[in-house]
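# A closer look at the structure
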Amino acid sequence: MAATYATSRDGTRIAYDVLGTGPLLVLVHGLTADRQRWHDAGHVAALSPSFTVATLDLRGHGESDKPTDPEAYTAEKLLDDLHAVADALNAERFAYWGHSYGGTIGVQATAHAPRVTRAVIAGSTFGRQADQEWLQQGIAQAEMVVGAMEHGQLDALGLDDQDRAAIARFSPHVIRACLKGIATFPGVEPSEARCPTFVYSGARDHARFAIEAQRPALEAAGIRVEIFDGLDHSQLVSARDVVLPPVQAFLQETN
């Protein structure tokens, strides 16, 4: 769908599209994806009879502005982007469904965005926002690619065609900024969630292990937890027939 733009508090333009009627539901993709992911999986069409469904491109992604300063990717600024879209749609409150990086932002929203009425977190969890070893490795790899690009030495990295296509599609400068931004996210404990929350993963998803370790604290805080058999990280969005029914039922609860 054609993009409409909301302007965040720091002037960053956020691309989004909207379909349906009813209370606002914001769908947020993962790192290096874009809002089309939700359309392709069929979630927008399925949810639009019950919700005003807004799918946005996170800053640095899709048709949104792409700052390269890590300071542009703090949790506060990413939450400002959500509020900018909600404001553009004249919605005082809204529900949230985020996957991966979008799920990590959603965890922040449960504690720091009182306008969020319900939150669905797919492939992320509370506590430390990312495995620190993975995060630092990702930052180091992005730094290496950025340095090689700036010095005209990309060929020296021995990249294959798939790697080059990924670099052409998504800026390593933005990946570096996003990852450095994630490293600054404050930890959020399950007890800090201010809204009903549903956390889910798949048996083949790397986030499953952190979620299982946190399950007692999550459930003690009243957070719903589900691990779907057979699903990997990507399928937490794409396996519509599996994930949509429980997510939709949770979003439509009134208590």
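See the structure shown above.
Report on the accompanying structure. Note that this is a predicted model, so its numbers are computed, not measured.

Another point: the pairing of strand β4 (residues 52–56). Of all 5 residues making up β4, 5 are buried, and the element is well covered by its neighbours. Burial along β4 is two-sided: T52, A54 and L56 facing one way and V53 and T55 facing the other are all buried. Strand direction decides the pairing type here: strand β2 (residues 13–20) and β4, joined by 5 bridges, are antiparallel. Counterpart to D17 in the pairing with β4 is T55. Alignment of strand β3 (residues 24–28) against β4, held across 5 bridges, turns out to be parallel. Paired with L27 across the bridge in β4 is T55.

Counting buried residues along helix α7 (residues 172–182), 8 of its 11 residues qualify, which places the element largely inside the surrounding structure. Among the residues of α7, P172, V174, R176, A177, C178, L179, G181 and I182 are the ones counted as buried. Among the residues of α7, the N-terminal cap falls to S171, whose side-chain oxygen and the backbone nitrogen of H173 are separated by 3.1 Å.

Attention now moves to the pattern of salt bridges. Scanning the entire structure with this criterion turns up 17 salt bridges. A salt bridge links D87 to R115; its shortest N-O distance comes to 2.9 Å. One end of the pair, D87, is in helix α3 (residues 75–88); the other, R115, is in the loop between α4 (101–112) and β6 (116–122), with 28 residues separating them in the sequence. Look at D87 and you get partly exposed, because its relative accessible area is 46%.

The rules behind the values
- Residues numbered from 1 in each chain as written.
- Predicted model: local features only at pLDDT ≥ 70, side-chain atom pairs only at ≥ 80, totals over all residues.
- Heavy atoms only, no water.
- Buried < 20%, exposed > 50% of the residue type's maximum accessible area, 1.4 Å probe, protein only.
- Helix = DSSP H or I, 4+ residues; strand = E, 2+ residues; numbered from the N terminus.
- Pairing = 2+ DSSP bridges.
- Polar contact = N/O pair within 3.5 Å; in protein donor to acceptor, adjacent residues only side chain to side chain.
- Salt bridge = Lys/Arg side-chain N within 4 Å of Asp/Glu carboxyl O.

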